[in-house]
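The chain contents come next:
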Amino acid sequence: MGFLAFVTVLWAFSFSLIGEFLAGQVDSDFAVLTRVLLAALVFLPFTRWRGVASGQKLGILVTGMLQFGITYLCLYRSFSYLSVPEVLLFTIFTPLYVTLIDDALYRRFSPVALVAAAVATLGAGIIRYDGLSQDFITGFLLLQVANFTFAAGQVGYKHVMKHYPSDVPAFRTFGYFFFGALIIALPSFLIFGDSSRLPETGLQWGVLAWLGLAASGAGLFLWNRGACNVDAGTLAIMNNALVPAGLLVNLLIWNRDADLLRLAVGGAVIGVSLWLNARFHPRAHLAAG
């Protein structure tokens, strides 16, 4: 649980950086490719090439393709069709996908987890609903693909690591995650990338470096390790904790207007959803650390 909370704060800062310095200025395919390459370089020296089950390598590779490669390509593209409030609003469906995918893999149905995720989605919606533009269908569909693949990657990684118990430390195999993302990001840049929209300032390069090394490299590793230590309901709810955290960052650092009453009410609803899951879910487990 501690990992998930820490990464939530980390990503809250990172989301603001994307909106302030990259969106609409730097080619989205190049931004994603840069993040993937930098994160892969972080884990490359630690990667264990032998003594790891082939199924585990392939499973982690696929989760990287889903959770990073496809997710971020769709997310960045959605900014071309949606306003930032709409992007935030349409990401609140991720918890529902987390619980549904987890139940599908186990061939079961967990109503408590689904209800808790729905309550968390309601809480995030209270915070972020600002009305919708008329031309939003394309952006909405892009974000639902991103939501689904991000959820599938989290749940998939958790199941892969459970299916292949090993004495090899997790950081020695996480490089395969970013290698999988590279399989998606590199062809996408070569086919769709716009080389005339590369970073032009040291600040933009610095933001990309931060996003690649910290938000992507350390952030995704810690998030997925945290996902392995909690039940699907808790994981689903934590996916929406980014909404109030991101708004607080905008309020405190970027001086953006925020409705404090809606922020408080929505945050309280998300907190209630976490309590509901921990109290009533038969398989709920919160990691001590």
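Only a predicted model underlies this, so the values are computations on that prediction, with no experimental measurement involved.

(A) Local environment of the pattern of salt bridges. Evaluated as defined, the whole model comprises one salt bridge. A salt bridge links Asp29 to Arg77; the shortest N-O distance between them is 3.0 Å. Residue Asp29 is found in helix H2 (residues 28–43), and its partner Arg77 is found in helix H3 (residues 54–78); the two are separated by 48 residues along the sequence. For Asp29, a relative accessible area of 2% translates into the label buried.

(B) Structural view of the side chain of Thr234. Considering the arrangement of structural elements, one finds Thr234 in helix H10 (residues 232–240). Reaching out from Thr234, the side chain makes a polar contact with the side chain of Asp231 at a distance of 2.7 Å.

(C) Inspection of helix H9 (residues 202–227) at higher detail. In this model, H9 (26 residues) spans 35 Å end to end at C-alpha, consistent with the 38 Å of a helix rising 1.5 Å per residue. At Gly219, H9 shows its largest kink, close to 35°.

(D) Layout of the packing of aromatic side chains. Following the criterion strictly, the structure yields 19 aromatic pairs and no others. Put simply, the rings of Phe43, Phe68, Tyr72, Tyr157, Phe174, Phe177, Phe178 and Phe221 pair up and form one aromatic cluster.

(E) Expanded view of H2. End to end, H2 covers 23 Å across 16 residues, agreeing with the expected 22 Å (1.5 Å per residue, within 8%). If you check which residues of H2 are buried, you get Ser28, Asp29, Phe30, Ala31, Val32, Leu33, Thr34, Arg35, Val36, Ala39, Ala40 and Phe43. Elements that come into contact with the buried residues of H2 comprise helix H1 (2–22), H3, helix H8 (175–192) and H9. Where H2 begins, the capping side chain belongs to Asp27, and its oxygen is found 3.3 Å from the backbone nitrogen of Asp29.

(F) Structural detail: the environment of Leu22. Note that Leu22 resides in helix H1. For Leu22, a relative accessible area of 1% corresponds to the buried category. Considering only alpha carbons, one finds Leu22 and Pro199, 177 residues apart in sequence, at a separation of 8.3 Å. In this view, Leu22 contacts Leu17, Tyr76, Gln204, Val207, Leu208 and Leu211; residues no more than four positions away in its chain are not counted.

(G) Here's a closer look at the packing of helix H5 (residues 94–106) against helix H7 (residues 137–163). Contact geometry for H5 and H7: axes closest at 8 Å, N-to-C directions at 40°. By the criterion of interaxial angle, the relationship of H5 to H7 is oblique. By crossing handedness, the relation of H5 to H7 is classed as right-handed. Counted together, Thr94, Tyr97, Val98, Ile101, Asp102, Leu105 and Tyr106 of H5 and Gln144, Asn147, Phe148, Phe150, Ala151, Ala152, Gln154, Val155, His159 and Lys162 of H7 form the full contact between these two elements.

(H) How the structure looks around the packing of H2 against H9. Remark: H2 packs on H9, axes separated minimally by 8 Å, with the N-to-C direction vectors making an angle of 55°. One element, H2, and the other, H9, form an angle in the oblique class. The hand of the H2/H9 crossing is right-handed. Across from Phe30, Ala31, Thr34, Arg35, Leu38, Ala39, Val42 and Phe43 in H2, the residues of H9 making contact are Trp205, Leu208, Ala209, Leu211, Gly212, Leu213, Ala215, Ser216, Gly217 and Phe221. When its residues are assigned to classes, the contact of H2 with H9 shows 13 nonpolar, four polar and one charged.

Cut-offs applied
- Residues numbered from 1 in each chain as written.
- Predicted model: local features only at pLDDT ≥ 70, side-chain atom pairs only at ≥ 80, totals over all residues.
- Heavy atoms only, no water.
- Salt bridge = Lys/Arg side-chain N within 4 Å of Asp/Glu carboxyl O.
- Helix = DSSP H or I, 4+ residues; strand = E, 2+ residues; numbered from the N terminus.
- Buried < 20%, exposed > 50% of the residue type's maximum accessible area, 1.4 Å probe, protein only.
- Polar contact = N/O pair within 3.5 Å; in protein donor to acceptor, adjacent residues only side chain to side chain.
- Expected span 1.5 Å × (residues − 1).
- Bend = angle between axes of the 7 residues up to and from the residue.
- Phe/Tyr/Trp six-rings, centres within 6.5 Å; stacked < 30°, edge-to-face > 60°.
- Contact = heavy atoms within 4.5 Å.
- Axes fitted to C-alpha atoms, helices over the stretch in contact; angles between N-to-C directions.
- Parallel < 35°, antiparallel > 145°, perpendicular 65-115°, else oblique.
- Left-handed = near helix turned anticlockwise from the far one by under 90°.
- Nonpolar A, V, L, I, M, F, W, Y, C, P; charged D, E, K, R; others polar.

By themselves, these figures tell us nothing about what the structure is for.
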